[in-house]
Amino acid sequence: PSLNTNQYSLDYMKNRKLYLATLASVLGPMSFGFVLGYSSPAIPELTKIEDSRLRLDDNQASWFGSIVTVGAALGGLIGGWMVEKIGRKVSLMLCALPFVSGFTIIIAAQNVWMFYVGRILTGLASGITSLVVPVYISEMAHEKVRGTLGSCVQLMVVIGIMGAYLGGLFMDWRWLAICCSIPPTLLMVFMSFMPETPRFLLSQGKRREAVESLRFLRGPDAPVEWECARIEEACDEQGSKFQLSDLKDPGVYKPLVIGIMLMIFQQMSGINAIMFYAENIFEQAHFKQSDLASVIVGLIQVVFTGVAALIMDKAGRKVLLIISGVAMAISTTAFGVYFYLMSLLPEPHGDLAWMALASIAVFITGFALGWGPIPWLVMSEIFPVKVRGVASAVCVLTNWSIAFVVTKNFQDMMNLLTSAGTFWLFASMCILNVIFTMVFVPETKGKTLEQIEATFRGMSGP
Ligand code: BGC
């Protein structure tokens, strides 16, 4: 189909229901934001708590923070299997169970082990969600709004993180855990009214249901038969089941390598280490209330992730990744210089503290504009439908495993390489991510998922 046919058919579409389904599904990423943000206000409380059975020492506190990523890596594997077997919609609804039971175990904890189990379960749910929701949205959306809707995933993650930070100002860790169980509960309820994606239904041979789902999403006047045929054509070309020999197909291995690299680079920028470290930096800069400082970091993230979502389908993915990578490279370099100068001085200097604050602000802004939302978005766009589950699982597993390695070893890295060295390492990874983007990442803006597939298969270079 020519671009003109696309243009014509898009004019007849109503997007209201599509937005509604997106809104219901992003309660998932919001829940996972709450899980990520939860440890920040909870840990300081739990290290000082009266009840000695629940009190965390430093080592236990770092496990309490990072074990979520282990659960999430596992969740990626389970999620990849679930989306293929039971579909996108039901997988998403089922995520609510480990979310809520995880928080319930934390609320009822009698010892530190129960905390760990609760954190692993909520992490598991986060991992499944981080796989299912981008796939669910990109398979329902059309190319005019897919970037914006896909970016809402990260937007809701950071809103959730900020929600947990904010809640932590007013509530103790138990009440906060109760509140964190609300978004996943709503997720389950609202998702039960939403459709399965047309692409999944077609891959299962359920054509009538797929047309119905498209009709729901596109409104009464849209040419759903035409769109259905277009998706079917792509499904037919691929065959239906993933086999290992598919890895020889450039239409499979090229996007897979790109997806994995995007995830590695996202985490090697040091985002989670820096968010974790933000409170200390603010303390050194003589901010009285370092918990308020986290809220500020959270707010910067929300605002700029929102900006990224709005401009995603106009600016395109590549430009934003490059701007983002450059901003992060500059700010982590400056951060390294800050630590280096601090190590030379006998006493901390006020001006230097401001340099650190500015570096954090630029870093978070940069991350929010590109490397935060885009890896998740591009992951959901580049895989052919038959390998989407497996390939996304590999990406999610990579992302959370590296997140674990970075957050758990950050302190050791600082001891080994010095603080300056660690941040310069992050800086060099950011320079690499810019080069990688320029050379290897294809622009997916404005293309249908089927066109994106065709580019990979037809291209000689990625
Ligand atoms: C990343 C997480 C990170 C979060 C912060 C996500 O895209 O995958 O590791 O904690 O952004 O905003």
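Note on numbering: residues in each chain are counted from 1, in written sequence order. For this predicted model, a pLDDT threshold of at least 70 governs which residues receive local features, and a threshold of 80 or more governs which side-chain atom pairs are given and counted, while totals over whole chains, interfaces and linings are taken from all residues. Computation of side-chain values covers all heavy atoms of the structure but excludes hydrogens and water.

The name an unreviewed UniProt entry gives the chain is Solute carrier family 2, facilitated glucose transporter member 8, with Astatotilapia calliptera as the organism. UniProt positions are given in the numbering used here, feature names are shortened, and annotations may be inferred rather than shown by experiment. What the UniProt record of the chain gives under Sequence similarities (unreviewed entry) is the line "Belongs to the major facilitator superfamily. Sugar transporter (TC 2.A.1.1) family. Glucose transporter subfamily." Per its UniProt entry, the chain bears the Function (unreviewed entry) comment "Insulin-regulated facilitative hexose transporter that mediates the transport of glucose and fructose. Facilitates hepatic influx of dietary trehalose, which in turn inhibits glucose and fructose influx triggering a starvation signal and hepatic autophagy through activation of AMPK and ULK1. Also able to mediate the transport of dehydroascorbate."

Visitor: Looking at this model, I keep getting lost on the overall build of the chain. Mind explaining?
Guide: Helix numbers and strand numbers start at the N terminus; a helix is a DSSP run of H or I with at least 4 residues, a strand a run of E with at least 2. Check the secondary structure of the chain and you find 20 helices and zero strands. Taken along the three principal axes of its C-alpha coordinates, the chain extends 70 × 45 × 40 Å. Any residue under 20% of the maximum accessible area for its type is buried, any over 50% is exposed, and the rest in between are partly exposed; the area is computed with a 1.4 Å probe on protein chains only. Out of the 462 residues in the chain, the part that is buried amounts to 57%. The contact criterion used throughout is that any non-hydrogen atoms of two residues lie within 4.5 Å. Taking the intrachain contacts of the chain between residues at least 6 apart in sequence as the baseline, contacts between residues at least 24 apart amount to 83%. For the chain, the accessible area works out to roughly 18,600 Å², and carbon and sulfur atoms hold 68% of it. The charge count includes Lys and Arg as positive and Asp and Glu as negative, but it does not include His or the ends of the chains. Note that the charge is assigned to NZ on lysines, CZ on arginines, CG on aspartates and CD on glutamates. Measuring between centres, the 33 positive side-chain charges of the chain sit 5 Å from its 33 negative side-chain charges. All accessible-area figures derive from a Shrake-Rupley calculation using a 1.4 Å probe, and residue coverage is judged against the displayed protein chains alone.

Visitor: Any chance you could explain helix α13 (residues 250-268) here in plain terms?
Guide: Quick reminder: α-helices carry 3.6 residues per turn. Residues three or four places apart thus point the same way. An expected span of 1.5 Å times one less than the residue number is assigned to each helix. With 19 residues, α13 extends 26 Å from end C-alpha to end C-alpha; this agrees with the ideal 27 Å at 1.5 Å per step. Any N or O atom pair separated by 3.5 Å or less is treated as a polar contact, with the protein-specific requirement of one donor-capable and one acceptor-capable atom, and with residues adjacent in sequence counted only for side-chain atom pairs. Between the side-chain oxygen at the start of α13 and the backbone nitrogen of G251 there is a gap of 2.7 Å, and the oxygen is on D249. Just past α13, the residue G270 takes up positive phi, approximately 90°.

Visitor: What exactly am I supposed to notice about a nonpolar patch on the surface here?
Guide: A contiguous nonpolar surface patch, about 540 Å² in accessible area, is contributed by I431, L432, I435, M438, V439 and F440. Mapped onto the elements, V439 comes out in helix α19 (residues 388-440). In this analysis, a patch consists of residues with relative accessible area above 30% that form no salt bridge, clustered at 9 Å for like charges and at 5 Å for the nonpolar side chains Val, Leu, Ile, Met, Phe, Trp and Tyr. The working definition used for a salt bridge is a side-chain nitrogen of Lys or Arg within 4 Å of a carboxyl oxygen of Asp or Glu.

Visitor: Looking at this model, I keep getting lost on the site of the ligand. Mind explaining?
Guide: Working definition: residue near molecule or strand if any one of its non-hydrogen atoms lies within 4 Å of it. Residues in contact with the ligand amount to 13 residues; listed here are only the nearest, Q154, Q266, Q267, N272 and W376. Between the ligand and the protein, one listed contact pairs an oxygen atom with a side-chain N or O atom of Q266 at 3.0 Å. Here an oxygen atom of the ligand and a side-chain polar atom of Q267 are 2.9 Å apart. When the ligand is considered free in solution it has 310 Å² of accessible area, and contact with the protein chains removes 100% of it.

Visitor: Is there a simple way to explain the pattern of salt bridges in this structure?
Guide: Where charged atoms of side chains with opposite charge meet at close range, the side chains can pair. Under the definition given, this model contains 15 salt bridges. One salt bridge in this structure joins E143 and R230, with 4.0 Å as the shortest N-O distance. Here E143 is found in the loop between α6 (112-140) and α7 (146-170), whereas its partner R230 is found in helix α12 (residues 224-238), with 87 residues between them in sequence. Owing to a relative accessible area of 8%, E143 belongs among the buried residues under this scheme. Accessibility expressed as a relative area gives 9% for R230, which makes it buried. Beyond isolated ion pairs, a larger network of salt bridges with shared partners links E84, R88, E139 and R388.

Visitor: Just checking my understanding: could you explain the nonpolar core for this structure?
Guide: As a rule of thumb, soluble globular proteins bury nonpolar side chains together. In terms of nonpolar packing, the biggest core is built from 126 residues, with Y38, F115 and W173 touching the most fellow members. Not counting residues up to four positions away in its chain, the partners in contact with W173 are Y38, A42, E45, L46, I49, L54, I106 and F115. The set of buried Ala, Val, Leu, Ile, Met, Phe, Trp, Tyr and Cys residues whose side-chain atoms join them within 4.5 Å is what this entry labels a nonpolar core. By size, the runner-up hydrophobic cluster in this structure holds 12 residues, among which are L201, A210, C228 and V385.

Visitor: Looking at this structure, how should I read the environment of S40?
Guide: Relative to the assigned elements, S40 resides in helix α3 (residues 27-46). The exposure class assigned to S40 is partly exposed, which follows from its relative accessible area of 23%.

Visitor: Teacher, can you tell me more about the packing of aromatic side chains here?
Guide: Any two aromatic rings considered together are summarised by their centre-to-centre distance and by the angle between their planes. Only Phe, Tyr and Trp rings take part, Trp by its six-membered ring, and two of them pair if their centres are within 6.5 Å. Stacked means planes under 30 degrees apart, edge-to-face means over 60, and tilted covers everything else. Tallied over the full model, the rule gives 19 aromatic pairs. Centre to centre, the rings of F335 and F423 are 4.6 Å apart; their planes meet at 55°, and the pair counts as tilted. Of this pair, F335 sits in helix α16 (residues 317-344) while F423 sits in helix α19, and the two are 88 residues apart along the sequence. Considering the side-chain rings of Y340 and W424, the 6.2 Å spacing of their centres and the 45° angle between planes classify their relative orientation as tilted. Highlighted residues: Y340 in helix α16 and W424 in helix α19, separated in sequence by 84 residues.

Visitor: Looking at this structure, how should I read the state of the cysteines?
Guide: Two cysteines, two sulfur atoms, one covalent bond between them: this is a disulfide. Here, the term disulfide refers to a pair of cysteine sulfur atoms separated by no more than 2.5 Å. Counted under the stated rule, the structure contains zero disulfides. Lacking any disulfide linkage, C95 is separated from the closest cysteine sulfur, that of C180, by 16 Å. Overall, the relative accessible area of 1% leaves C95 in the buried class. Considering cysteine sulfurs only, C179 is the nearest to C180, which forms no disulfide, with 7.0 Å between them.

Visitor: What is the right way to look at the packing of α3 against α6 in this model?
Guide: In contact at an axis separation of 8 Å, α3 and α6 are set at 150° when each is read in the N-to-C sense. When the axis of α3 is compared with that of α6, the two are roughly antiparallel. α3 and α6 meet at a crossing whose hand is left-handed. In this structure, α3 contributes G28, P29, F32, V35, Y38, S39 and L46 to the contact, and α6 contributes F115, R119, T122, G123, S126, T129, S130 and V133. Polarity classes work like this: nonpolar for Ala, Val, Leu, Ile, Met, Phe, Trp, Tyr, Cys and Pro, charged for Asp, Glu, Lys and Arg, and polar for all others, with Gly in that last group. Here the contact of α3 with α6 is built from residues that sort into seven nonpolar, seven polar and one charged. For every element, the axis is a line fit to its C-alpha atoms; helices are fit only across the contacting stretch, and the angle between N-to-C directions ranges from 0 to 180 degrees. Note on terminology: angles under 35 degrees are roughly parallel, angles over 145 are roughly antiparallel, angles of 65 to 115 are roughly perpendicular, and the others are oblique. Rotating anticlockwise by less than a right angle from the far helix to the near helix defines a left-handed crossing, while the corresponding clockwise rotation defines a right-handed one.

Visitor: How should unusual backbone geometry be read in this particular structure?
Guide: Leave glycine aside and you will find that most residues have negative phi; peptide bonds, for their part, are mostly trans. Located in the positive-phi region is T418, a residue other than glycine, with phi close to 65°. Here T418 is to be found in helix α19. What makes T418 partly exposed here is its relative accessible area of 44%.

Visitor: What is the right way to read the side chain of R146 from this model?
Guide: By secondary structure assignment, the location of R146 is in helix α7. For R146, a relative accessible area of 2% gives the class buried. A polar contact of 2.8 Å, which involves the side chain of R146, links it to the backbone oxygen of K447. Setting aside chain neighbours within four positions, we find R146 in contact with S138, A141, D313, R317, L377, E381, T444, K447, T448, L449 and I452.

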